[in-house]
Amino acid sequence: MLTEIHAFLGCATPQAWIDAALSQQDLMLIDHKNCEFKAASTALSLIAKYNQHVDLVTYMSRLAREELVHHEQVLRIMKRRKIAPQPLNAGRYASGLRRVVRSHEPVKLVDTLVVGAFIEARSCERFAAVYPHLDEELSKFYFGLLKSEARHYENYLRFAYHFGEADDVDKAIVRVREVERELIETPDPEFRFHSGIPASA
C-alpha cells in the first residue's frame, strides 16, 4: 500500500521535515492531535452537506468515530509525557489544498474527496517516514496508524470516483497533486504535521 501511496503523492517528505519533527516531538504530537480532531470534523461536515448520499454518510459517520478515537489516543500519550495541550494556529496545508476545490456541485464534492485522499495519503506517508526514528511507544503507535490512514485514503478516492466521471477525477488528482507537492517541498514559516520544509532549514 505504501508503494501505491508514494505513487499517488507528488513527492516524498523532505528529510528537513523529518529532522524538525524529531527535534520538536511535543509540537508534533499537539498538532497531530489537532489533525485527528479536524479529520473527524471534516467527516461530520460532509455528513451535514451531503446527507442525501446514504453510503457516504454511513462511511463518514464511522470515519468520524475512528478519528476521534485516534484523537483520544494522542491525548493519552501526551498526558503520559506531561505535554500540555496548547492552542496552535492552523498551518497552510489544508487551506492551501482547499483553494483548488471548485465551487459548484457535483464537482465540489469530487474535489473535496480528492483533497481528503491527499491529506490521508500524506498522513500515512509521514507516519511511515518518522516512526522508525521514534521511541518504542510512539513508534508502535504511529506504525499502527499506517493501515487506517491508508484505508481512509482508499475510501476517499473510491467515493471521488463514485460521484465523479473518471476522467474528471483523474484531472482533479493531477491538479491537487501539484499544489500538494508545492506545499510540501517549499519553505514553511511554521512546523506542523503537514507543513513544508522548515523555513530555517
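See the structure printed just above.
The rules behind each value
Residues numbered from 1 in each chain as written. Predicted model: local features only at pLDDT ≥ 70, side-chain atom pairs only at ≥ 80, totals over all residues. Heavy atoms only, no water. Phe/Tyr/Trp six-rings, centres within 6.5 Å; stacked < 30°, edge-to-face > 60°. Helix = DSSP H or I, 4+ residues; strand = E, 2+ residues; numbered from the N terminus. Lys NZ or Arg CZ within 6 Å of the ring centre and 35° of its normal. Buried < 20%, exposed > 50% of the residue type's maximum accessible area, 1.4 Å probe, protein only. Contact = heavy atoms within 4.5 Å. 1 Å grid on protein atoms, 1.4 Å probe; cavity = no way out; pocket = protein on both sides within 12 Å on 5 of 7 lines; lining within 4 Å. Points joined across faces, edges and corners; volume = space filled by probe spheres on them. Nonpolar A, V, L, I, M, F, W, Y, C, P; charged D, E, K, R; others polar. Expected span 1.5 Å × (residues − 1). Polar contact = N/O pair within 3.5 Å; in protein donor to acceptor, adjacent residues only side chain to side chain.

K.L.:
How should I be thinking about the packing of aromatic side chains in this particular structure?
P.N.:
Enumeration according to the criterion identifies 10 aromatic pairs in this entry. Between tyrosine 131 and phenylalanine 143, the aromatic rings sit 5.1 Å apart at their centres with planes inclined by 55°, giving tilted as the arrangement. Placement of the pair is tyrosine 131 in the loop between helix H6 (107-130) and helix H7 (136-163) and phenylalanine 143 in helix H7, with a sequence separation of 12 residues. Among the aromatic side chains, those forming a connected cluster through ring pairs are Trp17, Phe127, Phe141, Tyr142, Phe191 and Phe193. Over the face of the ring belonging to tryptophan 17 we find arginine 126, whose NZ or CZ atom lies 4.1 Å from the ring centre. Positioned above the aromatic ring of phenylalanine 8, the side-chain terminus of arginine 177 is 5.8 Å from the ring centre.

K.L.:
I would appreciate a short explanation of the environment of alanine 20 in the present structure.
P.N.:
Considering the arrangement of structural elements, one finds alanine 20 in helix H2 (residues 15-23). The exposure class of alanine 20 is buried, given its relative accessible area of 8%. Separated by 177 residues in the primary sequence, alanine 20 and isoleucine 197 have C-alpha atoms spaced 8.8 Å apart. Leave out the neighbours within four places in its chain, and alanine 20 touches Phe191 and Pro198.

K.L.:
Looking at this structure, how should I read the layout of surface pockets?
P.N.:
Space inside the largest pocket adds up to approximately 490 Å³. In terms of lining residues, the largest pocket is bounded by 30 residues, among which Cys35, Lys38, Ala94, Ile119 and His194 are the most central. Counted by class, the lining of the largest pocket contains 10 nonpolar, 9 polar and 11 charged residues. Space inside the second largest pocket adds up to approximately 180 Å³.

K.L.:
In this structure, what is going on with H7? I would like to understand it.
P.N.:
Because an α-helix packs 3.6 residues into every turn, residues spaced three or four apart end up facing the same way. With 28 residues, H7 extends 42 Å between its outermost C-alpha atoms, agreeing within 8% with the 40 Å of an ideal straight helix rising 1.5 Å per residue. Between the side-chain oxygen of the N-cap and the backbone nitrogen of glutamate 137 there are 3.2 Å, and the N-cap of H7 in question is aspartate 135.

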